[in-house]
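Each chain is listed here by its residues.
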Amino acid sequence: MRFALLVCTSSAALAAPAAAQTAGPANDAIIVTAPNYVPEGSEAATKSDIPLIETPQSVTVITRDQIDLLDWSNLGQTVRYVAGVTGENYGPDERVDWLTMRGFEPVQFVDGLQASIGSIANTGLDLYGAESVEILKGPSSVLYGIAPPGGIVNITSRRPQNDFAGEIEGQIGNRDHRQINGDITGALADGVSARLTALYRDRGTQTREVDSERLYVAPALTLRPGPDSRITLLSYYQRDEVTGDGGGFLPAQGTLLPNPNGRISSTANLGEPGYNRFLRRHWGIGYDASHDLSDTISIHQNLKFTHLYSDQRGVGGNGFVDSDSNGTPDDYRNVARYSFSFRENVDTFAVDTRINAGLRTGAVQHDLVAGIDYRNYDYLGSSAFGFGIPPIDAYAPDYGALIPALPPLPFSSQEQRQIGLYAQDQLRLGGGLILTLAGRHDWIRDCEKLADTRRSFGDFSYRAGLSYVFDNGIAPYLSFARSFEPVAGADRSGTPFDPTTGRQIEAGLKFDARNAPDGTKLFATLAAYHLVQQNVLTPDTANAGGESFQVQTGEVTVEGIEAELVARFNERLSLNASYTYTDSEVTESNGPELGDQLPVTPHHKLSALADYTFQDGSLAGLGASFGGRYLSKSTGNLTSAFAPTVFVNPAVTLFDASIHYDRSDWRFAVTASNLFDKDYVARCYSNTNCFFGTRRVVTASVRRRF
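Computed from a predicted model, the values in this text were never measured in an experiment. (Residues numbered from 1 in each chain as written. Predicted model: local features only at pLDDT ≥ 70, side-chain atom pairs only at ≥ 80, totals over all residues. Heavy atoms only, no water.)

Before going further, it helps to spend a moment on the overall build of the chain. On a plain count of helices and strands, the chain comes out with 5 helices and 35 strands. At 26 Å, the chain has a C-alpha radius of gyration in line with the 27 Å of a compact globule built from 706 residues. Each of the three principal axes of the chain carries a C-alpha extent, and together these read 75 × 60 × 45 Å. Excluding contacts between residues fewer than 6 apart, the proportion of contacts in the chain whose partners are at least 24 apart in sequence is 68%. Summed over all atoms, the accessible surface of the chain reaches about 28200 Å², with 58% contributed by carbon and sulfur. (Helix = DSSP H or I, 4+ residues; strand = E, 2+ residues; numbered from the N terminus. Rg over C-alpha atoms; globule rule 2.2 N^0.38 Å. Contact = heavy atoms within 4.5 Å. Areas by Shrake-Rupley, 256 points an atom, 1.4 Å probe, with all protein chains shown as cover.)

The next thing to look at is the state of the cysteines. On inspection of all chains with the given rule, the structure shows 1 disulfide. The disulfide bridge from Cys684 ends at Cys690, spanning 1.8 Å between sulfur atoms. Here the S-S torsion is close to 120°, and the disulfide linking Cys684 with Cys690 is therefore right-handed. Each of the two residues, Cys684 as well as Cys690, counts as buried. (Disulfide = S-S within 2.5 Å. Buried < 20%, exposed > 50% of the residue type's maximum accessible area, 1.4 Å probe, protein only.)

Along the chain, Thr232 falls in strand S14 (residues 229-243). Residue contacts for Thr232: discarding those within four places in its chain leaves Arg159, Pro160, Leu221, Thr222, Gly286, Tyr287 and Asp288. Side-chain polar atoms of Thr232 contact the side chain of Thr222, separated by 2.9 Å. (Polar contact = N/O pair within 3.5 Å; in protein donor to acceptor, adjacent residues only side chain to side chain.)

Moving on: the pairing of strand S28 (residues 622-631). Pairing of strand S27 (residues 604-613) with S28, which is carried by 9 bridges, proceeds in the antiparallel orientation. Within S28, the residue paired with Ala608 across the bridge is Gly628. Strand direction decides the pairing type here: S28 and strand S31 (residues 652-663), joined by 10 bridges, are antiparallel. The residue bridging Gly623 from the neighbouring strand is His660, located in S31. (Pairing = 2+ DSSP bridges.)

Throughout the structure, instances matching the rule amount to 13 cavities of 30 Å³ or more. In this structure, the second largest cavity spans a volume of roughly 380 Å³. Around the second largest cavity, the lining is made up of 28 residues, and of these Gly87, Glu88, Leu631, Val652 and Tyr680 lie nearest the centre. Contributions of two or more residues to the lining of the second largest cavity are made by strand S4 (85-87), S28, S31 and strand S33 (681-686). Of the residues that constitute the lining of the second largest cavity, the class distribution is 13 nonpolar, 10 polar and 5 charged. (1 Å grid on protein atoms, 1.4 Å probe; cavity = no way out; pocket = protein on both sides within 12 Å on 5 of 7 lines; lining within 4 Å. Points joined across faces, edges and corners; volume = space filled by probe spheres on them. Nonpolar A, V, L, I, M, F, W, Y, C, P; charged D, E, K, R; others polar.)

With that settled, the discussion passes to the pattern of salt bridges. Tallied over the full model, the rule gives 48 salt bridges. Measuring nitrogen to oxygen at the nearest pair gives 2.8 Å for the salt bridge that ties Glu43 to Arg354. Here Glu43, found in helix H2 (residues 43-46), pairs with Arg354, found in strand S17 (residues 334-361); they are 311 residues apart in sequence, far enough to count as distant. Given a relative accessible area of 7%, Arg354 falls into the buried group. Across the pair Asp616 and Arg572 runs a salt bridge whose closest N-O atoms are separated by 3.1 Å. Here Arg572 lies in the loop between strand S25 (550-569) and strand S26 (573-588) and Asp616 lies in the loop between S27 and S28, a separation of 44 residues in the sequence. Three or more residues are tied together by salt bridges with common partners; here these are Asp126, Arg201, Arg214, Asp240 and Arg280. (Salt bridge = Lys/Arg side-chain N within 4 Å of Asp/Glu carboxyl O.)

Judged by nonpolar contacts, the single largest core of 54 residues is most densely connected at Tyr37, Ile62, Leu75, Val133, Ile135, Tyr144 and Val153. Of all the elements, strand S8 (residues 130-137) adds the most residues to this core, at 4 residues. Counting 14 residues, the second-largest nonpolar core is a separate cluster that includes Ala268, Ala394, Val681 and Phe692. (Core = buried A, V, L, I, M, F, W, Y, C linked by side-chain atoms within 4.5 Å.)

What follows concerns a nonpolar patch on the surface. Together, Tyr468, Phe470, Ile474, Leu509, Phe511, Leu526 and Ile561 make up a nonpolar patch on the protein surface, roughly 550 Å² of accessible area in all. Tracing the backbone shows Phe511 in strand S23 (residues 500-511). (Patch = residues over 30% accessible without salt bridge, like charges linked within 9 Å, V, L, I, M, F, W, Y side chains within 5 Å.)

So, on to the side chain of Thr582. With respect to the helices, strands and loops of the structure, Thr582 is situated in strand S26. In this structure Thr582 comes out as buried when scored by relative accessible area, which is 6%.

This part is about the sheet that holds strand S9 (residues 151-157). In a beta sheet, neighbouring strands pair by backbone hydrogen bonds and run either parallel or antiparallel. Taken in spatial order, the 5 strands of this open sheet run S3-S8-S9-S6-S7, and their pairing is mixed. The open sheet terminates on both sides in strands that have one partner only, identified here as strand S3 (59-63) and strand S7 (113-114).

Evaluation of the coordinates by the stated rule reveals 20 aromatic pairs. An angle of 55° between the planes, with centres 4.6 Å apart, marks the rings of Tyr90 and Trp98 as tilted. Taken together, a centroid distance of 5.6 Å and an interplanar angle of 75° make the contact between Phe655 and Phe676 edge-to-face. With a gap of 21 residues between them, Phe655 in strand S31 and Phe676 in the loop between strand S32 (666-673) and S33 connect regions that are remote in the sequence. Classification of Phe655 by relative accessible area gives partly exposed; the value is 28%. In this structure Phe676 comes out as exposed when scored by relative accessible area, which is 56%. An aromatic cluster of at least three residues, connected via ring pairs, comprises Tyr90, Trp98, Phe249, Tyr685 and Phe691. (Phe/Tyr/Trp six-rings, centres within 6.5 Å; stacked < 30°, edge-to-face > 60°.)

Here we come to unusual backbone geometry. Backbone geometry at Asp71 places phi at a positive 55°, although glycine is not the residue there. With respect to the helices and strands, the residue Asp71 is situated in the loop between helix H3 (64-69) and helix H4 (75-78).

Read these as geometric descriptors, not functional statements.
Below you can see the structure in the form of structure tokens.
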């Protein structure tokens, strides 16, 4: 009854209690808790409940407690303090989260199933609907099939809870940021619980005359037909509209390089605000079900159908006007422009069915996982480009040019079907010695409908790892893993290209502070790895004039060291810290990129953040955080015939901070990223394509828990 009343009387969806909970003032103290701030396990890493300390792979889990306590709102923010991953590679982008992991762009999964991704391996799904974010570093095909060698990112959706709880929050911020969001959860009847998560946001951006609007709704329902069975129905709908977007695509002179007219403003918009528009609708529906056959054997199945539609039209910058084509701009201020349109329709159906079993053979304890998954991916992409658009002054833009309609034309219509059989066995060999063995075979059928080409192929992936967990919580490990990704196209003889492969050896050390005093939670990982991607496309040395055939003799090597710490002490002090060293190189190529460093893969990344909350006395409930992050310089592009110069993105140091106050069921917070408003270039990948980094963002919020 209480649940129904709140649904009827709330003007917005209310949310399940955030990780930061408060006790009432009855004992004259306010206790702010985040019991799950430090992660202990990740089902995404092994498709089982194996603890992180026993997983022979570098895995980062960002819990809801971390997201709430530190007021993170997107994937780009969450990886700021994570080793081995960089985000916000194109600065502020209202559409997607640009990530790079161990030199490669990770593919996004939702609830353990690959999302409907298009030309970008990320969906821009709002983080408010996430219970946790799992980052699996290195080859992960053995459980997930097609995946890049750098790893994958999985978002686990919030689930209904039996206990009634909720929250509603309002936010305001600079650049006209306005947001309301909330969650509500609880039992509807015996064996039935529900959850509703929702968000609405309307805000401007640092780019002149660019506004963004988002609506996100995620209903969920859990049914328990018996003590051994559970099915959770999960769904979400997200609509995004960005108007006026023309950010980025700026000339190198005036951003990364000197310009006689001075520096171009980081608010510069070279598009047409009245014409440029991005629209996306993204939704998914499915379920996560399980049934216990016995105390040691269970069946699990998760299924999801997702749809993504995006439609973008715009005008973008194309370098300074050079009327006589002598390589020197006319005045270093007027920028040539082009128009474009781009549309994507993506449908994905995916289902994963597996059996988990625990058994013993002699002195060896086995934790087994065996399953089959199926994915049907249907993609239609359309685009068009137009030229002759009037130029614009980068320093004093005058908008209002008439832009002709530009209907997009299909360039790709792809259907891909994937079936994978996989098995994993974790063998406890006695003492703390653990052997993990996993293998998978995939059968894939590709059809490019526009070209009327079809092909079928298979691939085998594996992971083998050895760990030893000491009684003091220290666990050294060693692992070997392989991944694969299909490659479109064929060589000069018409033979389809083989998938690229990723092979990695990783050695590391984990520590979970299990013997620390009560009130101390800590998880730390130190990892070193050697990763090689093979079958990379490179120009065919037999090419004659005008030919552009390719062969698969290219190779990329990435080596690195990653250290990461998450800790919470006595429900007062929280720490997040990481260090990354990455050495990436194109080690085999017939092209000019031989020896190049991979783009947006800096040699060094160092970050640390601390949050402290007073728990008693007159300041009880008051807390603050402060963090700093450093990225060394990186390259923006690989050498090519079209970009013979490698642009170097400058090193940058940024700071984040927040102050928050919890009182009874209320929370007041002010957060700031890029606290000192550093004006910097995030990436340049050609003389005409440079992007400023995200300037200072300040948000004030009020949250009420129920």
